[in-house]
Amino acid sequence: DPVGTATAAPAARAFPHHLVWRGPLAAYRAAVAAGSESADEFHFAAATTVLGLLMGRHFFFRYSYPHYPNFFSCLVGPTAKARKTGAMRAAQDHLLQPLAGARVPRTLYVSSGMGGSGEGLLESVSDRGPVRGRSLLIYEEEFVIALRKMRQEGSTLAAFLLQAADAVPVLTLSTRRKPLLATAPTVALLAASTAEWLETDVRREDIMGGLVNRISWFTGIDKEPSSLPGVVDASALAEAIADLRWIPLLPAVKGVEITMSPSAAARWDEWYRAQRAATAAGGLREAATARAHTHAVRYALLFALLDRSQHIEVTHVEAGVSLAEYHAGVAAGLFEAAETEGDARLDREILKTLREATPRGKPLAVALTILHRAAAPSASATRFARLLGGLEAVGYVKVDRERRVAWLLSQGGSKRSERASEGD
């Protein structure tokens, strides 16, 4: 397993390399990891997202309702250093294209970015004549850009993503004169971001509303520098592909139910009860990790399918549970203080902008619209007003709401800013 420096907030549970690199995934790791600077965790995220997408709705585990191995995954690491894009593109080049074959773009579509429209994405998987069960991989190199688009008035993107993540039986939008209809579509998300952007842009409502906890969050471990990355072990890749050739041959029939063996069900019950007790408080951290059990179930299903097993066994549950706990730790580290730390960063930007408008110590009034656009463009008008009110309350700025201007009263920083600075 790799050792090095974590590229983002450390997880409470280390990535379970010893449990999850198995069968064709182990061969894929051997093929791409040695010649890549991308973290192995990122290669795992990209590979499982692609494979789950290709499996579609052919197999399911009934957990109140059918769950399929479609994943929404986001890779988190420093820009231009963590090599997130390298892992994302490797899975497309070395797994998606060889295995999907003629399905691209006949029944499988890759969207580069979300385009701000749930309607546009739905159209790519909507029924075409007798063709049902189409698939979509959403490839988003900066997840925060999509978050901002979701907040635009009238955007249908968030509603689409929430339903697609849950693999509802039918996706539709009735806002059109001729509604779009997608029967049993499979949608997966492969995205990337940085801890800094997420800290600033993810809001409390994103967490409490359920989007954040539907995503599997991955951080990575830096590898040794490689001056010529991208070298692939052809024999190991051929081994992986040979072991996965059955996936594109799956017949277009009603899904096959996969069940848990009695011993696996007992292990699952033990973990589930402990996990529910741990998330009973209902705070921001608990909301960010509330769907750990569904992540565990879906990964356990994927591992059983990769082993060509007719049942989910204990080893599959252990791997799924370990991944779910890893994701919960990453999410908690990224979002537990999302609101207060994000506010602190925006506080600093507001004060910095006002300070730059204070030549020779003589404060000048700045129009609120200009200040909002310059210092906190990602913040809603309500959040921006709250931030200004907080800075005014502690005596750093003065706001004239009738003239809609603000100016600096003090050269200091806010209490939130001071706390955040200690961690920078």
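Residues numbered from 1 in each chain as written. Predicted model: local features only at pLDDT ≥ 70, side-chain atom pairs only at ≥ 80, totals over all residues. Heavy atoms only, no water.

### Some details on the overall build of the protein chain
Counting its secondary structure elements, the protein chain contains 19 helices and 15 strands. Looking at the protein chain as a whole, 54% of its 424 residues are labelled buried. A separation threshold of at least 6 residues defines the contact pool for the protein chain, and within that pool the share at least 24 residues apart is 78%. (Helix = DSSP H or I, 4+ residues; strand = E, 2+ residues; numbered from the N terminus. Buried < 20%, exposed > 50% of the residue type's maximum accessible area, 1.4 Å probe, protein only. Contact = heavy atoms within 4.5 Å.)

### Concerning the nonpolar core
The biggest cluster of nonpolar side chains holds 110 residues, and the ones touching the most others in it are Phe44, Met114, Phe143, Phe160, Trp217 and Phe335. The element contributing the most residues to this core is helix 14 (residues 292-306), with 11 residues. Look past the residues within four positions of Phe160 in its chain and what remains in contact with it is Gly118, Leu121, Leu122, Leu136, Ile138, Leu171 and Val187. (Core = buried A, V, L, I, M, F, W, Y, C linked by side-chain atoms within 4.5 Å.)

### Regarding the pairing of strand 1 (residues 59-63)
Taken across its 5 residues, strand 1 has 4 buried, putting it largely inside the fold. Summarising the sheet, strand 1 and strand 10 (residues 256-257) pair through 2 bridges and their orientation is parallel. Bridging from a neighbouring strand, Phe59 pairs with Val256 of strand 10. As paired strands, strand 1 and strand 2 (residues 65-67) are joined by 3 bridges and run antiparallel to one another. Paired with Phe61 across the bridge in strand 2 is His67. (Pairing = 2+ DSSP bridges.)

### Focus: the packing of aromatic side chains
The description of an aromatic ring pair rests on the distance of the ring centres and on the angle between the ring planes. All chains considered together, the criterion is met by 17 aromatic pairs. The interplanar angle of 70 degrees and the centroid separation of 6.4 Å between the aromatic rings of Phe59 and Trp246 together place this pair among those described as edge-to-face. With Phe59 in strand 1 and Trp246 in the loop between helix 11 (234-244) and strand 10, the pair connects residues that are 187 residues apart, well separated along the chain. Trp246 carries the same exposure label as Phe59, and that label is buried. With a centroid separation of 4.3 Å and 15 degrees between ring planes, the pair formed by Phe71 and Tyr299 is classed as stacked. Residue Phe71 is located in the loop between strand 2 and strand 3 (72-76), and its partner Tyr299 is located in helix 14; the two are separated by 228 residues in the primary sequence. As far as burial versus exposure is concerned, Phe71 and Tyr299 are alike and both buried. Grouping aromatic residues by their ring pairs yields a cluster made of Phe15, Trp21, Phe44, Phe71, Phe218, Tyr299, Phe303 and Tyr326. A cation over an aromatic ring shows up here: Arg57 above the ring of Tyr68, its NZ or CZ 5.1 Å from the ring centre. (Phe/Tyr/Trp six-rings, centres within 6.5 Å; stacked < 30°, edge-to-face > 60°. Lys NZ or Arg CZ within 6 Å of the ring centre and 35° of its normal.)

### Digging into the pattern of salt bridges
Under the definition given, this model contains 11 salt bridges. A salt bridge links Asp307 to Arg22; the shortest N-O distance between them is 2.9 Å. Placement of Asp307 in the loop between helix 14 and strand 12 (311-312) and of Arg22 in the loop between helix 1 (17-20) and helix 2 (23-32) is noted, with a sequence separation of 285 residues between them. One salt bridge connects Arg89 with Glu141, and the closest N-O pair in it is separated by 3.0 Å. A residue pair is termed long-range when its members are at least 10 positions apart, and Arg89 in helix 4 (residues 84-100) and Glu141 in the loop between strand 5 (135-140) and helix 7 (143-150) qualify at 52 residues. Among the residues examined, Arg89 registers a relative accessible area of 46% and is labelled partly exposed. A single network of salt bridges, built from pairs that share partners, joins Arg267, Glu270 and Glu318. (Salt bridge = Lys/Arg side-chain N within 4 Å of Asp/Glu carboxyl O.)

### Thoughts on the side chain of His43
Structurally, the position occupied by His43 is in helix 3 (residues 40-55). Classification of His43 by relative accessible area gives buried; the value is 2%. Polar side-chain contacts of His43 include one of 3.0 Å to the side chain of Ser36. Once you skip the residues sitting within four places of it in the chain, His43 turns out to touch Trp21, Tyr28, Val32, Ala33, Ser36, Ser38, Ala87, Ala90 and Lys223. (Polar contact = N/O pair within 3.5 Å; in protein donor to acceptor, adjacent residues only side chain to side chain.)

### Regarding the pairing of strand 15 (residues 405-408)
The two faces of the sheet receive side chains in turn, since in a regular strand these alternate between them. As paired elements, strand 13 (residues 366-367) and strand 15 share 2 bridges and run antiparallel to each other. The residue of strand 15 that forms the bridge with Val366 is Ala406. Counting the residues in the hairpin turn of strand 14 (residues 397-400) and strand 15 gives 4 residues, including Arg404, whose phi is positive at 55 degrees.

### Remarks on unusual backbone geometry
Its identity as a non-glycine residue notwithstanding, Ser64 has a phi of 75 degrees, on the positive side. Mapped onto the elements, Ser64 comes out in the loop between strand 1 and strand 2. Residue class for Ser64 comes out exposed when judged on its relative accessible area of 76%. Of note, the phi angle at Arg404 is positive, near 55 degrees, even though the residue is not glycine. Checked against the element boundaries, Arg404 lands in the loop between strand 14 and strand 15.

### Quick word on the sheet that holds strand 3
Spatially, the 5 strands line up as an open sheet ordered 4-5-8-3-9, and their pairing is parallel. In this open sheet, the two edge strands, each paired with only one partner strand, are strand 4 (108-112) and strand 9 (216-218). If you compare each strand with its neighbour and ignore which way they point, the axes differ by 15 degrees on average. As defined by bridge partners, strand 3 adjoins strand 8 (residues 186-193) across 5 bridges and the pair is classed as parallel. Looking at the pairing, Cys74 lines up with Ala191 of strand 8. Where helix 3 meets the sheet, its contacts fall on strand 3, strand 4, strand 5, strand 8 and strand 9, and the angle it forms with strand 8 comes to roughly 165 degrees. (Axes fitted to C-alpha atoms, helices over the stretch in contact; angles between N-to-C directions.)

### Describing the confidence of the model for the protein chain
Mean pLDDT over the protein chain works out to 83, with 85% of the residues at or above the 70 mark. This model gives residues 1-11 a pLDDT under 50, and the stretch forms 34 contacts once residues within four places in sequence are excluded. Contacts for the low-pLDDT stretch residues 412-424, under 50 throughout, to residues beyond four places or in other chains number 25 contacts. (pLDDT = per-residue confidence, 0-100.)

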